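Overview (structure and organization)
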Amino acid sequence: MKNTLAALLMAVSVSLFAASSAQATVIVGSVDGGGCFPFGCNGSGISVGESIHYQQIYSSTAFAGPLNIGSLTFYNSFSQYVGNRIGGEYIFHLSTATVSVGAMSATLADNIGADNTLFFSGSLGTGSLAFTVVGTPFYYDPALGDLLLDIVVNNQDDVPNDGNNGYNDASGPGPTQTSFALGNTVYTNRGGALVTGFDPAPAGVPAPATLALVGLSLAALARTRRKH
């Protein structure tokens, strides 16, 4: 029992160390144009109820190793891409995708992994299209598959893609190219996927999975003490 408990506590220590170690921002995609969905335009023609369901898959090869994601950054570096974010209620989830880049299912629920985690829910305001969303940390291990970002926007302002709306930096095809879906239409092997920065959570902030492991370890320790 002592050896098993020691091994468990060692695993917790390693997990805490990995979660708190300094990590660098990972930027996926290179700027090669602009994309207005889901922050700069609304192609649904409605502003009540679910306006947009947007998914984007990021290749695991863009990540050198596990990353405890604490925030997402989107960019707006081209001066001709004027415009602001459009209002709405944005719901972000992150998960390890069940599919890979270039193989997204048109049934969007089928792309979502078992570790699907609510990252952010709320208004993003209507400011610049260069912005960062801070959310609940999500521990991503690229060895387990590609990364999926799922965004549902409710009650989004009805702003058509007519050249007068805003655009985020988007990438063209490449080795770390992403696939994305809008509604039930999947776009792959083409430009338009948003360049995204994955920022690490502050040092010392463990992912929820790590906190769960700590809880299990403490419970095991308490049971052992009661027995002895």
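Computed from a predicted model, the values in this text were never measured in an experiment. (Residues numbered from 1 in each chain as written. Predicted model: local features only at pLDDT ≥ 70, side-chain atom pairs only at ≥ 80, totals over all residues. Heavy atoms only, no water.)

Describing the overall build of the protein chain
Helices and strands together make up the secondary structure of the protein chain, namely 2 helices and 13 strands. Here the analysis covers contacts within the protein chain between residues at least 6 apart in sequence; of these, 86% occur between residues at least 24 apart. (Helix = DSSP H or I, 4+ residues; strand = E, 2+ residues; numbered from the N terminus. Contact = heavy atoms within 4.5 Å.)

Examining the packing of aromatic side chains
Applying the stated criterion to the full structure yields 11 aromatic pairs. Taken together, a centroid distance of 4.8 Å and an interplanar angle of 90° make the contact between Tyr58 and Phe198 edge-to-face. Of the two residues, Tyr58 sits in strand S3 (residues 50–58) while Phe198 sits in strand S13 (residues 196–200), which places them 140 residues apart along the sequence. Overall, the relative accessible area of 0% leaves Phe198 in the buried class. (Phe/Tyr/Trp six-rings, centres within 6.5 Å; stacked < 30°, edge-to-face > 60°. Buried < 20%, exposed > 50% of the residue type's maximum accessible area, 1.4 Å probe, protein only.)

Concerning the state of the cysteines
In this structure the tally under the stated criterion is 1 disulfide. Here Cys36 engages in a disulfide with Cys41; their sulfurs sit 1.9 Å apart. On the sign convention where negative is left-handed, the bridge of Cys36 and Cys41, at about 50° about the S-S bond, is right-handed. The exposure class assigned to Cys36 is buried, which follows from its relative accessible area of 3%. Judged by relative accessible area, which is 0%, Cys41 ranks as buried. (Disulfide = S-S within 2.5 Å.)

Examining the nonpolar core
Formed by 36 residues in total, the largest nonpolar core has its most connected members in Phe39, Phe63, Ile69, Phe92 and Phe198. Apart from residues no more than four positions distant in its own chain, Phe198 is found in contact with Ala24, Thr25, Val26, Val28, Tyr58, Phe63, Leu67, Ile69, Ser71, Leu72 and Leu147. Grouped together as the second largest cluster of nonpolar side chains are 6 residues, Ile57, Leu108, Leu148 and Ala181 included. (Core = buried A, V, L, I, M, F, W, Y, C linked by side-chain atoms within 4.5 Å.)

Here we look at the pairing of strand S4 (residues 67–74)
Taken across its 8 residues, S4 has 8 buried, putting it largely inside the fold. Bridge count for S4 against strand S7 (residues 131–140) is 7 bridges, and the pairing is antiparallel. Paired with Leu72 across the strands is Val133, a residue of S7. Sheet topology note: the S4/S13 ladder contains 5 bridges and is antiparallel. The residue of S13 that forms the bridge with Ile69 is Pro200. (Pairing = 2+ DSSP bridges.)

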